[in-house]
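Commentary on secondary and tertiary structure
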Amino acid sequence: MKHLLAFFFFSLAANLAQADEVQVAVAANFTAPMKAIAADFEKDTGHKARLAFGSTGKFYAQIRNGAPFQVFLAADDTTPARLEKEGMTVPGSRFTYAVGTLVLWSAKPGFVDARGEVLKKGDFAHLALANPKVAPYGAAAVEVMEKLGVLESLEPRFVLGENIAQTQQFVVTGNAELGFVALSQVMKNGKVGEGSAWVVPAKLHTPIRQDAVILASGRGNAAAEALMEYLKSAKAAAIIKSYGYGL
Amino acid sequence: MLSDANLAAILLTLKLATLVTVILLLVGTPIAWWLARTRSWWKGPISAVVALPIVLPPSVLGFYLLVAMGPNGPVGRLTQALGLGTLPFTFAGLVVASVFYSLPFVVQPIQNAFEAMGERPLEVAATLRAGPLDRFFTVAVPLSSPGFLTAGVLGFAHTVGEFGVVLMIGGNIPGVTRVVSVQIYDYVEAFEYADAHILSGIMLAFSFTVLLAMYLLNPTRTHK
């Protein structure tokens, strides 16, 4: 019995050594593409990727306090840069894995026109956006409204999501008539799936650069390094683009 | 020490908790009275429904409220038909949600107090020709006052400590739905740990003081 147990633990340890596992903190807006990429990654490399989804600010706080993530896919470029400066990352591992596209979206067909004129008409009670203080997509949305000269008139109608996924949930349930979300969230098979949308021109806001980084605890983790390489591959790029991101 | 934003969040939280506590004492007392005295088969199911928020994750309650009170939900259709609009993202919506969320914390202490009092004082009062209402207000309520104190304190404190439900249906609007717990969450997310510490410290001191006061003022709880 003792031998059997020892054998069991030995083989378990051997297994772990061969196929490495990487824990990945993923920004909420990148949920759908990352699930697809991780599935391919596991098939192609034999490594295992465990994904956690959430807001970049929350992940930052967790990582600073010892969360067991080896790779961080943020929704911006400032948070990974900050972690880098604080010595919490593997230097030189940071790169931009996607550039986000902002979309003004409504669950109702025909509610949002193709040029975003609906913002000027203001025919709605609630406009959802991610909290601009903490979420890059929210900050970009504020920039857009400022450029269009509608920020002041619309601000009283803001409802703020904790992250971009909750913002979408406000719109999906119809509690907010429309909202600014990530294009990736409303894309299905390469085009906007339901409702109506205005894909906001990139020139209306500073680019939403989303950076990935290997965290200090991922130093020497083969799966973490393999995943970062995989994110740069043509296969991953095709998936990322199909969800409406730029590269 | 307190910024305008923090002060607004604190005042909003106090306003919400006060209103919810008053409503809960008014609504919870008859429920507690009925539960304490009924022999109906319905006592079990009703008790279970009242206690649900103790075990349900706030995300479940928040999700159901968001969908039910939205423009396509049953409650949302009703409020729209009445010309009230929809409840999510409004202060009234938070009040409704908090009443559900804190209900057991008010009903259960009052119910326990009524049950501990027993039938005897009411029977004695009846022989002295006190009517049912008279018996309730001049006998039952004074004899159960520790239960009411506990109920009020727990209902208030529990509403102040509410987070998940507010996050899900509030929309984080300053002065309307951005209560202290949500404000703290924002500070943590935005790396503003100094402000998070100030508000968290206030919450901790408040919660401890309130509970301490309740245990000190309530001898039935401290000495068995």
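Residues numbered from 1 in each chain as written. Chains lettered and ligands numbered in written order. Predicted model: local features only at pLDDT ≥ 70, side-chain atom pairs only at ≥ 80, totals over all residues. Heavy atoms only, no water.

To continue, consider the interface of chain B and chain A. Contact with chain B, which involves 23 residues of that partner, is made by 22 residues of chain A. Interface area, chain B with chain A, both sides summed: about 1900 Å², of which 57% is carbon and sulfur. When the buried surface of chain B facing chain A is broken down by residue, Phe89(B), Glu189(B) and Phe191(B) rank first, second and third, together holding 35% of it. Along the contact surface separating chain B from chain A lie 1 salt bridge. When the shortest N-O distance is used, the salt bridge between Lys133(A) and Glu192(B) registers 3.5 Å. Between chain B and chain A we count 9 residue pairs in polar contact (both at pLDDT 80 or more) in total. Of all the elements in the fold, those that place two or more residues in the side of chain B that touches chain A are helix H3 (58-69), helix H9 (164-170) and helix H10 (180-189) of chain B. (Contact = heavy atoms within 4.5 Å. Buried area = accessible area lost by both parts, 1.4 Å probe. Salt bridge = Lys/Arg side-chain N within 4 Å of Asp/Glu carboxyl O. Polar contact = N/O pair within 3.5 Å; in protein donor to acceptor, adjacent residues only side chain to side chain. Helix = DSSP H or I, 4+ residues; strand = E, 2+ residues; numbered from the N terminus.)

Time to look at the pairing of strand E6 (residues 127-130) of chain A. Put simply, side chains in a regular strand alternate between the two faces of the sheet. All names here are of chain A. The alternating pattern of E6 places Leu-127 and Leu-129 and Ala-128 and Ala-130 on opposite faces, both of which are buried. Here E6 runs beside strand E7 (residues 158-161); their pairing, made up of 4 bridges, is parallel. Among the inter-strand pairings, Leu-127 is bridged to a residue of E7, identified as Phe-158. (Buried < 20%, exposed > 50% of the residue type's maximum accessible area, 1.4 Å probe, protein only. Pairing = 2+ DSSP bridges.)

Quick look at the packing of aromatic side chains now. Tallied over the entire structure, the rule returns 16 aromatic pairs over all chains. Look at Phe59(A) and Phe69(A): their rings are 5.5 Å apart centre to centre, the planes differ by 85 degrees, and that puts the pair in the edge-to-face class. Of this pair, Phe59(A) sits in helix H3 (residues 56-64) while Phe69(A) sits in the loop between H3 and strand E3 (71-73), and the two are 10 residues apart along the sequence. No difference in accessibility class separates Phe59(A) from Phe69(A), as the two residues are buried. Here the aromatic cluster, defined as three or more aromatic residues joined through ring pairs, consists of Trp33(B), Phe114(B), Phe136(B), Phe137(B) and Phe148(B). Above the ring of Phe91(B), the side-chain terminus of Lys15(B) is found at 4.5 Å from the ring centroid. (Phe/Tyr/Trp six-rings, centres within 6.5 Å; stacked < 30°, edge-to-face > 60°. Lys NZ or Arg CZ within 6 Å of the ring centre and 35° of its normal.)

The next subject is the packing of helix H8 (residues 145-160) of chain B against helix H11 (residues 193-217) of chain B. Residue and element names in this part refer to chain B. Direction vectors running N to C along H8 and H11 enclose 170 degrees, while the axes themselves pass 10 Å from each other. By the criterion of interaxial angle, the relationship of H8 to H11 is roughly antiparallel. Only Met-203, Phe-206, Val-210, Leu-211, Met-214 and Leu-217 of H11 make contact with H8, whose side of the interface consists of Leu-149, Thr-150, Val-153, Leu-154, Phe-156, Ala-157 and Val-160. In the contact of H8 with H11, the residues fall into 12 nonpolar, 1 polar and no charged. (Axes fitted to C-alpha atoms, helices over the stretch in contact; angles between N-to-C directions. Parallel < 35°, antiparallel > 145°, perpendicular 65-115°, else oblique. Nonpolar A, V, L, I, M, F, W, Y, C, P; charged D, E, K, R; others polar.)

As far as function goes, none of this settles anything; it's purely spatial.
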